[in-house]
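A look at the structure
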Amino acid sequence: MSRSGGLQRKFFVALLIVGILPGIAALIATYLYSTDSLKHAIGSGFQEIARSTAIRIAAAVDTEIDRAARLAIVPVLVRHLVETANRRYAGQSEADIRRLLASRATLWPRSHPTADPAPSAVAQTTAYLKEWARETGSYVRVAITDQRGALVASTDPHTPYLNAEQEWWQEAFKEGRGGAYVSTLRHDRTLNEYVFDVAVPIFDGPREEPIGVVGLLIRRDVLMNTILPIRIGETGHGMLLDTEGTPLICPVLPPTAHLIHQALLNRLARDKPLWFVADDDAHGGRDSIVGAAPVRFAHRLSPLSLGNGFWFAFVRQQPEETYAPIYSLLWTVGLIGFGLVVGLASLGFVVGRRIVSPILTLRREAEALRRNVAALPEPATSPAVEAPASVDIRTGDEIEDLARTFHAMRRSLEESLRTVKTQQEELIRREKLASVGQLLAALAHDLRNPLGVIRSSAQLVLDGQQADAVRQEVARYIIDEVDRLTHRINDFLRYARQKPPEPKRLSPDALAQAALWQWKAQGGLERLTLNTDFAPDLPEVSVDPDQVKEALVNLLINAREAMPEEGRLYVTTKAGEQGHVEIEVADTGCGIPRHHLDHIFEPFFTTKEYGTGLGLTNVKRLIEDNGGTLEVRSEEGKGSRFVVRFPTAP
């Protein structure tokens, strides 16, 4: 059926596909490469931002520690006041000291800031501390304690008098060893804001032993001021985390309102700055690029500082915003590429039309040729076919030459086909006659000599003067010749009539045994040595047993005739390759000359004086009709080996 425009559409679609597929591959490559490059660029930037944020946080805390340490060495208003407070404990027992502290704890709220030992000194120190704290405006409380944790001076009148049980005092004083302490962020319910503690020991001059502690309660604003300026686009921001996964500072959500899950925490809690792609960034983002860096302080902090853990700076951004540039690039590249592909395909459509037009003309020529060939008359009738029309193709290129050559070829082919059609029946008739003549000539050749011998032998039998022994010998000779004629006629009948096989399932050993029994029954085995080797447990084959037995018997007869004096005959069954079984018939006879091996299966080819040349032809046909193959290997003077292979039955 004609499909007008099919090639043109295919040409258009092919160009469209050729343009789209590389375009898609280019988009995918652009996406993968650009995304990877973008991840590295943004990740490195986030890592650097996290590192600089960690440095600013550490600098802010170190600054507060330094300010507290400088406050601790103020001689008159701080250290001298603490030394004076510590003298109260000189020469007193532990019980007396406890009673003294308890009584002063009761009086402290009412006497502040004019309590003993030097009310004026305490007032001056308190005023100094308030002025000192006002410089930054970030302090909730500045407290000075003595060696027993008793409050010496404070900017907050509500500060507890006894602080020996407070963690900030214990970590800073450290049983007389002293060290800087920074607490984690906590929520102060009284102030309703987040604060953290910074405490440093007050050392005496000569012995460098702690004699008291300076404790600062600082608003979170000190740290917030280092985090809030970090803005990355519209959704990117920095955070401060602890090792528990608690966001201490987050510009988006309140502290402790969300926790960093353990999988993310395990990746970011490292001892060096890094970046990675987080499956879940704890803010609802998937495959987010994040940066992290540990906060390292210049001061050595006490063991329980920062909640007995570490702080980490964490930077993240919504993945939609992070990948927005690459998506925009992909859309732009995709639209441009699609436009180019459509333009190319449209141009190809026009070009295809110019190519298809002469091809359609050639198709019409071919169709006319087909109709003319189909309409060629039988012999002895006059032709009445369609005359070839002239070709009108003006492309000025190879297609025009092809069309004209095709038109000329059509006219020549139609003439040749008419001649062939006229001579076809005569050729078939002559071929059949030649085949029949060849068959009859071969049959006449094989019948003429035995019939002459039979006739002369019959005359001897009719002669009454012949002895009985001679008559018996002549009768046996007549029988042998008749058997030989019968064998020749059977060969011709098998060649002429091809009966389809009737397959049955049976073992290769049974086939070989049946052929051997029939072959042995024919006699003439006195000078031969038979060796059989049947492999056990061979799978069955599905063949016509009579046809295969006939083929094997023919091979055995040929082997016997190849060893007229003496020799060895080998019959073997074994498993072959690729699910096949093999039946092998080998002899040590005269062998087949090399130049005859290519012809032994051809009809009427024989090297025997009495042969028809159909034996091996019938063997090969019977084996192949039953789905098998026949292979022959022979060496002149050493013997021949025929291997029959059948596929195993399913």
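Quantities reported herein were computed from a predicted structural model and do not represent experimental measurements. (Residues numbered from 1 in each chain as written. Predicted model: local features only at pLDDT ≥ 70, side-chain atom pairs only at ≥ 80, totals over all residues. Heavy atoms only, no water.)

**Some details on unusual backbone geometry**
Glycine aside, the phi torsion of most residues is negative, and most peptide linkages are trans. A positive phi is found at asparagine 192, a non-glycine position, where the angle reads about 55°. Along the chain, asparagine 192 falls in the loop between strand E4 (186-188) and strand E5 (193-203). Exposure remark for asparagine 192: the relative accessible area of 58% places this residue in the exposed category. For asparagine 308, which is not glycine, the phi dihedral falls at a positive 60°. With respect to the element layout, asparagine 308 can be found in helix H8 (residues 305-308). (Helix = DSSP H or I, 4+ residues; strand = E, 2+ residues; numbered from the N terminus. Buried < 20%, exposed > 50% of the residue type's maximum accessible area, 1.4 Å probe, protein only.)

**Digging into the environment of serine 634**
Assignment of secondary structure puts serine 634 in strand E18 (residues 629-635). Each C-alpha atom of the pair serine 634 and glycine 589 lies 9.9 Å from the other, and the pair is 45 residues apart in sequence. Those residues in contact with serine 634 that sit more than four places away from it in its chain are Gly591, Ile592, Leu597, Gly639 and Ser640. Reaching out from serine 634, the side chain makes a polar contact with the backbone nitrogen of isoleucine 592 at a distance of 2.7 Å. (Contact = heavy atoms within 4.5 Å. Polar contact = N/O pair within 3.5 Å; in protein donor to acceptor, adjacent residues only side chain to side chain.)

**Comments concerning empty space enclosed by the protein**
In this structure the tally under the stated criterion is two cavities of 30 Å³ or more. Taken as a whole, the second largest cavity encloses approximately 30 Å³ of empty space. For the lining of the second largest cavity, the secondary-structure elements that each account for two or more residues are helix H13 (508-521), helix H14 (545-561) and strand E17 (580-587). Among the elements that line the lining of the second largest cavity, the one with the most residues is H13, at three residues. Split by residue class, the lining of the second largest cavity holds eight nonpolar, no polar and no charged. (1 Å grid on protein atoms, 1.4 Å probe; cavity = no way out; pocket = protein on both sides within 12 Å on 5 of 7 lines; lining within 4 Å. Points joined across faces, edges and corners; volume = space filled by probe spheres on them. Nonpolar A, V, L, I, M, F, W, Y, C, P; charged D, E, K, R; others polar.)

**Some remarks on H13**
When the terminal C-alpha atoms of H13 are compared, their 20 Å separation across 14 residues agrees well with the 20 Å that a helix rising 1.5 Å per residue should span. Among the residues of H13, those classed as buried are Pro508, Leu511, Ala512, Ala515, Leu516 and Trp519. Summarising the axial view, the buried residues of H13 lie within an arc of 130°, below the 170-degree limit, and thus occupy one face. Away from the buried face of H13 by more than 90 degrees, exposed residues Trp517 and Ala521 are located. Looking at the buried positions of H13, the neighbouring elements they touch are strand E13 (504-506), strand E14 (528-534), strand E15 (541-543), H14, strand E16 (567-575) and E17. Just past H13, the residue glycine 523 takes up positive phi, approximately 80°. (Expected span 1.5 Å × (residues − 1). Arc of directions from axis to C-beta.)

**Here's the deal with the packing of aromatic side chains**
With the rule as written, the count across this model stands at three aromatic pairs. Relative to tyrosine 139, the ring of tryptophan 132 lies with its centre 5.3 Å away and its plane at 20°, an arrangement referred to as stacked. Overall, the relative accessible area of 9% leaves tryptophan 132 in the buried class. Owing to a relative accessible area of 7%, tyrosine 139 belongs among the buried residues under this scheme. When the ring of phenylalanine 297 is compared with that of tryptophan 311, the centres are 6.1 Å apart and the planes differ by 65°; the resulting orientation is edge-to-face. Of the two residues, phenylalanine 297 is situated in the loop between strand E11 (286-294) and H8 and tryptophan 311 in strand E12 (residues 311-316); the sequence distance between them amounts to 14 residues. (Phe/Tyr/Trp six-rings, centres within 6.5 Å; stacked < 30°, edge-to-face > 60°.)

**A closer look at the packing of H13 against H14**
Two numbers describe how H13 lies on H14: the axes approach to 9 Å, and their chain directions differ by 55°. Taken together, H13 and H14 sit at an angle that is classed as oblique. Along this stretch, H13 crosses H14, giving a crossing that reads as right-handed. Where H13 abuts H14, its residues Leu511, Ala512, Ala514, Ala515, Leu516, Gln518 and Trp519 lie against Pro545, Val548, Lys549, Leu552, Val553, Leu556, Ile557 and Arg560. (Axes fitted to C-alpha atoms, helices over the stretch in contact; angles between N-to-C directions. Parallel < 35°, antiparallel > 145°, perpendicular 65-115°, else oblique. Left-handed = near helix turned anticlockwise from the far one by under 90°.)

**Details of the sheet that holds E18**
The strand order across the open sheet formed by five strands is E14-E16-E17-E19-E18, and the pairing between neighbours is mixed. The strands lining the two open edges of the sheet, one partner per strand, are E14 and E18. On average, each strand axis in the sheet is tilted by 10° relative to the strand beside it, whichever way the strands run. For E17 and strand E19 (residues 639-647), the ladder comprises seven bridges, and the chain directions are antiparallel. If you follow histidine 580 over to E19, its bridge partner there is proline 647. Docked against the sheet, H13 engages E14, E16 and E17, running at close to 165° with respect to E14. (Pairing = 2+ DSSP bridges.)

**What to know about the confidence of the model for the chain**
Counting all residues, the mean pLDDT for the chain is 79, and 76% of those residues have values of 70 or more. Between the elements of the chain, mean pLDDT differs from a low of 67, seen in helix H11 (residues 398-462), to a high of 95, seen in strand E3 (residues 181-182). (pLDDT = per-residue confidence, 0-100.)

**Thoughts on the environment of isoleucine 232**
Along the chain, isoleucine 232 falls in strand E7 (residues 231-232). Distance from isoleucine 232 to valine 315, taken between C-alpha atoms, is 8.9 Å for residues 83 residues apart in sequence. Beyond its immediate stretch of four places on either side in the chain, isoleucine 232 contacts Phe46, Ile49, Val315, Gln317 and Glu321.

**A few points about a nonpolar patch on the surface**
Together, Val13, Ile17, Leu21, Ile24, Ile28 and Leu32 make up an exposed nonpolar region whose accessible area comes to about 530 Å². Along the chain, the position of valine 13 falls in helix H1 (residues 6-72). A relative accessible area of 38% places valine 13 in the partly exposed class. (Patch = residues over 30% accessible without salt bridge, like charges linked within 9 Å, V, L, I, M, F, W, Y side chains within 5 Å. Areas by Shrake-Rupley, 256 points an atom, 1.4 Å probe, with all protein chains shown as cover. Salt bridge = Lys/Arg side-chain N within 4 Å of Asp/Glu carboxyl O.)

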